[in-house]
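Single-letter residue listing:
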Amino acid sequence: MSLLQVEKMTHYFGGLRAVHNYDIHIEPGQIRGLIGPNGAGKTTIFNLITGIHQPTEGVVSLEGKNLVGLQPYQIASAGLGRTFQNLLLWRHMSVLDHVIMAQYSRMTYGLVGAFFGTAKRKRQETEAEEKAYRLLELVGISGLANQNVLNLPYGDQRRVEMARALAMEPKILFLDEPTAGMNPEELLQMMEIIRQVHKEFGLAILLIEHRLKLVMELCEEIQTLVFGEVIAEGTPEEIQNNPKVIDAYLGKEAID
Amino acid sequence: MEATSSELSAPESGLKSKIGRLFSRVPIIGWLFGALVAVILEQIVGMPLALALGLPKIPVLFGFVTVLKKPMLVPSTMLFVLLIYFLPIVIIARLSLEPANRLAEKLINFSMEGSVLIHLVLLYAILHIWAEVSDYRLLILKFTLIAIMVTVSLNVINGYMGEFSCSHPGFMALGAYTASVFTVSLFVNDSLFGQALLPSFLGPFLFPLGLILGGCVASLGALLVAIPSFKTRGDYLAIISLAFLFIVKSLIENLEFVGGPRGLSSQPDWANLPIVFAWTVACIWIINNFVRSTLGKALNAVRDEETAANAMTVNTRRTKMVAFMFAAFWAGVAGGLFAHVLRYVNPTTFGIQKLAEVLAMVYFGGLNSVYGSIVGAVSLSILGEALRPLELFKWIVIPLLLILVMIFRPTGLIAFKEFNVKKLIRPKQSPGKEV
Ligand SMILES: Nc1ncnc2c1ncn2[C@@H]1O[C@H](COP(=O)(O)OP(=O)(O)O)[C@@H](O)[C@H]1O
Ligand SMILES: [Mg+2]
């Protein structure tokens, strides 16, 4: 059985069919790519799997456990971590607090610990903090731990998103355009981070990307989505040479 | 009006900045020593000094009230405050700089908890001695402490969670009536509930139970508000909680067994200063613990970006419900104390005006800040008393002040500041090293 199984997933926004009969099976440790022009429905696929929207039809399961109908926090706790294309950070919180917050489900000290500051709470909070520092180290912004997130440049905010998603200790990580708005240098650093994360945690990753260089280098297999439907699927070479893809997508954006 | 209010605050702020520059190295314990000496001094020489200065009695609230009532007495009142409070505090804080820092250091090294306790005992002693001068002071002090509880707890909802709740006076009412019914029916021979059921010596021991019971009933009330409000996203809470406030009020008005609109009286006199002080400290301590834990900070995550919080494993709905009930609990406890300080409650007490007061304290003091709420509650309580001679005009001055704060600091005076007791009580310089 695959780690993540999605079958015949379809979603309508009112009359608009945003996703149609989407299938994907991801094995542990795989890196998969999802490309497609703007508005193709890539982010919607993430939102459907992570429970932000409910699929109109279809089956989604993680390690055989059904995810359809669960709340986002339940799906997240089940092992599905993600970042957001449009940076959903908490505007009044420090970088460190972001990465600690994502460990929420492992804080088992309960209300008693929260109210009275028990030893168990101190231990778990300290552990969470240490782990947060390690992850910030990994993404290269441990020096900014106590900054408010809004003080960070755009590229570093993307790293916070990354560290935060990793802090959940997910089994599979969804990255929604993790390099959007980054300069070429930052792009290379982010690629390195993704590689390292993959190696260190053996994570399965599903990557939405606009920049083909990144997807082509990182992913074993790539799906191309146009108007909510997968029009081509295969290895980077196959995708690059697929006339349908070139026609629908690469033709316009190959320069990138 | 404008002139009077600026007159009131001018000497205070000028004084503050000067102290700030000269005395930044004085640890809290140094200030406490100074204040202790000041209140003791007032006990001993306050009355003769007041008479010598031509004042009828010791100025009750640092002269604020006199300023408005009898402007002729302003110079002598200011002299009194200068001689009794300002000079002793400043001189002692300055003189004890070295030993106070050494003491603060020693205490902290000895035990954090012990040091906090000693600071609290000192603070209590100051308040106690200060309040002994008149019953009026004692009453104001108790109400101020209660206002702190209500404000800090409302800040959990309106500040930390970022929702707008209007039901806090309703929760206070639930707590006030529950605790009152508990004590009056069990320990008082009363026309409403008949003979006392338990011997009265048990009373002070069971009083906390009554307060907690009041808090729990308030929490249950909060659950009724929370279920429909937090079901879906959107700003339903403001409206539902406002409706709840009116429902509670008219419910009590129609409940004959608690006295209906006439109210409920003859609560036993158990809410003395140490009890109110202890509950206030407990309230601040527990709420501050909560909002600094990851469970509590989840409220901030929910407020700032709920979708992200949910996607990062935070059960957002439960987080909101728990926080709402938790805050209501403390409003209920505060209500119970309020009823036993006044020894009388009626439904009108817990209406829109109370709501306006508490909201003002929260937004004036600062959102997302326990520290700010303490400052907001204390300053507006004192201001409210000080402006009492203005009668109706009080309700022009206070809103005006609020509007000014909102213009210049939209989130309040001391918003988004962590209340860190450890930082507060630590020495301000290492001993022996004069800078
Ligand atoms: N919440 C929503 N409500 C209505 N329409 C939406 C919503 N989210 C996305 N859409 C529409 O669905 C389509 C796919 O959007 P999206 O998944 O964001 O595309 P991509 O991420 O591939 O750029 C677009 O036409 C978009 O306008
Ligand atoms: Mg997108």
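Residues numbered from 1 in each chain as written. Chains lettered and ligands numbered in written order. Predicted model: local features only at pLDDT ≥ 70, side-chain atom pairs only at ≥ 80, totals over all residues. Heavy atoms only, no water.

### Digging into the overall build of chain A
Along chain A, the regular secondary structure elements total 10 helices and 10 strands. Taken against the 2.2 N^0.38 rule, which gives 18 Å for 256 residues, the C-alpha radius of gyration of chain A at 19 Å falls within 12% of a compact globule. Overall, the C-alpha framework of chain A stretches about 60 × 40 × 35 Å when taken along its three principal axes. Counting only residues that meet the buried cut, chain A has 56% of its 256 residues in that class. Nonlocal contacts in chain A, meaning residues at least 24 apart in sequence, comprise 66% of its contacts between residues at least 6 apart. Element-wise, carbon and sulfur atoms account for 51% of the exposed surface of chain A, whose accessible area totals about 10,900 Å². (Helix = DSSP H or I, 4+ residues; strand = E, 2+ residues; numbered from the N terminus. Rg over C-alpha atoms; globule rule 2.2 N^0.38 Å. Buried < 20%, exposed > 50% of the residue type's maximum accessible area, 1.4 Å probe, protein only. Contact = heavy atoms within 4.5 Å. Areas by Shrake-Rupley, 256 points an atom, 1.4 Å probe, with all protein chains shown as cover.)

### Considerations on the pattern of salt bridges
Residue and element names in this part refer to chain A. What the rule picks out here adds up to 19 salt bridges over all chains. Between glutamate 221 and arginine 32 there is a salt bridge, with the nearest N and O atoms lying 3.9 Å from each other. Of this pair, glutamate 221 sits in strand β9 (residues 221–226) while arginine 32 sits in strand β3 (residues 31–35), and the two are 189 residues apart along the sequence. For glutamate 221, a relative accessible area of 27% puts it in the partly exposed group. The salt bridge partner of lysine 171 is glutamate 63, with a shortest N-O separation of 3.3 Å. Taken together, the residues span a long stretch of sequence, with lysine 171 in the loop between α6 (154–167) and β7 (172–176) and glutamate 63 in the loop between β4 (57–62) and β5 (65–66) at a distance of 108 residues. Residue classification places lysine 171 among the partly exposed residues on the basis of a relative accessible area of 35%. (Salt bridge = Lys/Arg side-chain N within 4 Å of Asp/Glu carboxyl O.)

### Concerning the interface of chain A and chain B
Contacts between chain A and chain B engage 32 residues on the former and 29 residues on the latter. Our count for the contact surface shared by chain A and chain B stands at 1 salt bridge. If you look at where chain A meets chain B, you find 14 residue pairs in polar contact (both at pLDDT 80 or more). Mapped by element, the contributors of at least two residues to the side of chain A that touches chain B are α2 (72–77), α3 (95–101), α4 (110–116) and α5 (119–139) of chain A. Tallying contributions element by element places α4 of chain A first for the side of chain A that touches chain B, with 5 residues. Along the lines of polarity and charge, the residues of the side of chain A that touches chain B split into 20 nonpolar, 6 polar and 6 charged. (Polar contact = N/O pair within 3.5 Å; in protein donor to acceptor, adjacent residues only side chain to side chain. Nonpolar A, V, L, I, M, F, W, Y, C, P; charged D, E, K, R; others polar.)

### Focus: the sheet that holds strand β6 (residues 80–82) of chain A
Residue and element names in this part refer to chain A. Pairing within the open sheet is mixed, and its 6 strands lie in the order β6-β7-β8-β3-β9-β10. Edge positions in the open sheet fall to β6 and β10 (229–234), since each of these has one partner strand only. Neighbour-to-neighbour, the strand axes of the sheet open up by a mean angle of 20°, direction not taken into account. Sheet topology places β3 next to β9; 4 bridges connect them, and they run parallel. (Pairing = 2+ DSSP bridges. Axes fitted to C-alpha atoms, helices over the stretch in contact; angles between N-to-C directions.)

### Section: the domain arrangement of chain B
Residues and elements named next belong to chain B. When cut into domains, chain B gives domain 1 (10–131) and domain 2 (135–423). The interface of domain 1 with domain 2 comprises 20 residues on the first partner and 17 residues on the second. For the pair domain 1 and domain 2, the two sides together bury roughly 1,600 Å², of which 82% comes from carbon and sulfur. Summed over the three residues of domain 1 that lose the most area to domain 2, namely Leu61, Leu68 and Tyr124, the buried surface amounts to 31% of that side. For glutamate 42, the salt bridge identified is with arginine 137, shortest N-O distance 2.9 Å. For the side of domain 1 that touches domain 2, the elements supplying multiple residues, two or more each, are α3 (64–69) and α6 (112–131). Per element, the largest residue contribution to the side of domain 1 that touches domain 2 is 9 residues, and it comes from α6. Of the residues contributing to the side of domain 1 that touches domain 2, the split by class is 17 nonpolar, 1 polar and 2 charged. (Domains from an automatic or database assignment. Buried area = accessible area lost by both parts, 1.4 Å probe.)

### Quick word on the site of ligand 1
Residue and element names in this part refer to chain A. Close contacts around ligand 1 come from Phe13, Leu16, Ala18, Pro37, Asn38, Gly39, Ala40, Gly41, Lys42, Thr43, Thr44 and His53, and that covers them all. Here an oxygen atom of ligand 1 sits 3.2 Å away from a polar atom, N or O, in the main chain of alanine 40. Protein contact buries 60% of the 560 Å² of open area that ligand 1 shows by itself. Elements supplying a minimum of two residues to the shell around ligand 1: β2 (16–26) and α1 (42–49). (Near = heavy atom within 4 Å.)

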